Each structure stands twice: as structure tokens, then as C-alpha cells.
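The primary structure of each chain is shown beneath.
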Amino acid sequence: MRSVCIYICNCGKSYIGEKARNFEVRRSEHLNISKQSEPARHLKENPTHNFEWELLTIVQHWLRRRVSEALYIAYHKPNLNKQVQSFELALFPKGIEIT
């Protein structure tokens, strides 16, 4: 089944990303240390670490998916993401805070 998702992985550090591809396929790519993704690089540098994966949301439309990813990045501030945000948040340029 093809899924469109945003996910976060934790091993003391975290990563959020979106893809219009099957979640399980993308997860296996991130666990493959021969790949160039940030989670794969982290595992290569820290072979004793393990990732736990959580599907945050399923969003079919590409624009909604990009905005959702940016909101999750702004809220969680994942430290393995190279980008601060993937999509400009004009309404929330300094991120979001839930009180």
C-alpha cells in the first residue's frame, strides 16, 4: 500500500521528513547506512543507536504535506534535520508554541 506520511525518529536525536512514497520503503532507506539520508548518516556514525519511528500524519496533497512538515519541524525542532523548515511559514515565521 502506498502511503504519504510525515514521520519522526528518535534515538536521543530526532528527524522529521515527508515523502509521497510508501512509509516502509522510506524507513528501510533511512536505516540503510550506505544511503545519504540524515538518519542513515547518524546510524553510520553511531552504530549502537536504534531508531523508533512514529507516523505523525498521513496527508495526500503535496502542499498540505509540505505545510504539515514545516509545522512539525517548527514545533519539535528536530536536531538531525538540515533544514530549519521545509516550507516557509509566513503565518508563523518564528515557529509555533503550544501553551
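Before going into details, it helps to say that this report is about the structure given with it. (Residues numbered from 1 in each chain as written. Predicted model: local features only at pLDDT ≥ 70, side-chain atom pairs only at ≥ 80, totals over all residues. Heavy atoms only, no water.)

**Some words on the packing of aromatic side chains**
A full pass over the atoms with the stated rule returns 1 aromatic pair. Between the aromatic rings of Phe51 and Trp53, the centroid separation amounts to 5.7 Å while the plane-to-plane angle is 35°, which identifies the pairing as tilted. (Phe/Tyr/Trp six-rings, centres within 6.5 Å; stacked < 30°, edge-to-face > 60°.)

**Quick notes on the pattern of salt bridges**
Here the idea is simple: oppositely charged side chains can pair when their charged atoms come close. As enumerated under the stated definition, the model contains 6 salt bridges in all. For the salt bridge of Glu38 with Arg41, the shortest nitrogen-to-oxygen distance reads 2.3 Å. Taken together, the residues span about one helical turn, with Glu38 and Arg41 both in helix α2 (residues 38–45) at a distance of 3 residues. Judged by relative accessible area, Glu38 falls into the buried class, the value being 17%. Residue class for Arg41 comes out partly exposed when judged on its relative accessible area of 27%. (Salt bridge = Lys/Arg side-chain N within 4 Å of Asp/Glu carboxyl O. Helix = DSSP H or I, 4+ residues; strand = E, 2+ residues; numbered from the N terminus. Buried < 20%, exposed > 50% of the residue type's maximum accessible area, 1.4 Å probe, protein only.)

**So, helix α3 (residues 62–76)**
Over its 15 residues, α3 runs 21 Å from end to end, which matches the ideal 21 Å to within 8%, given 1.5 Å per residue. Every buried residue belonging to α3 is among Arg65, Ser68, Glu69, Ala70, Ile73 and Ala74, and all of these are buried. A positive backbone phi angle near 50° is found at Lys77, which sits one or two residues after α3. (Expected span 1.5 Å × (residues − 1).)

**Here's the deal with the environment of Arg66**
Along the polypeptide, Arg66 turns up in helix α3. Residues Arg66 and Lys19, spaced 47 residues apart in sequence, show a C-alpha to C-alpha distance of 9.2 Å.

**Points about the nonpolar core**
The biggest cluster of nonpolar side chains holds 8 residues, and these are Cys9, Cys11, Tyr15, Phe23, Leu43, Phe51, Trp53 and Leu80. If sequence neighbours within four positions are ignored, Cys9 has contacts with Ser14, Tyr15, Pro39, Phe51, Glu52 and Trp53. (Core = buried A, V, L, I, M, F, W, Y, C linked by side-chain atoms within 4.5 Å. Contact = heavy atoms within 4.5 Å.)

**Let's talk about the environment of Trp62**
Its place among the elements puts Trp62 in helix α3. Sequence-wise, Trp62 and Ala20 are 42 residues apart; in three dimensions their C-alpha atoms are separated by 7.7 Å.

**Side note on unusual backbone geometry**
Glycine aside, residues mostly have negative phi angles, and peptide bonds mostly take the trans form. Unusually for a residue other than glycine, Lys77 sits at a positive phi of about 50°. Secondary-structure assignment places Lys77 in the segment after α3.

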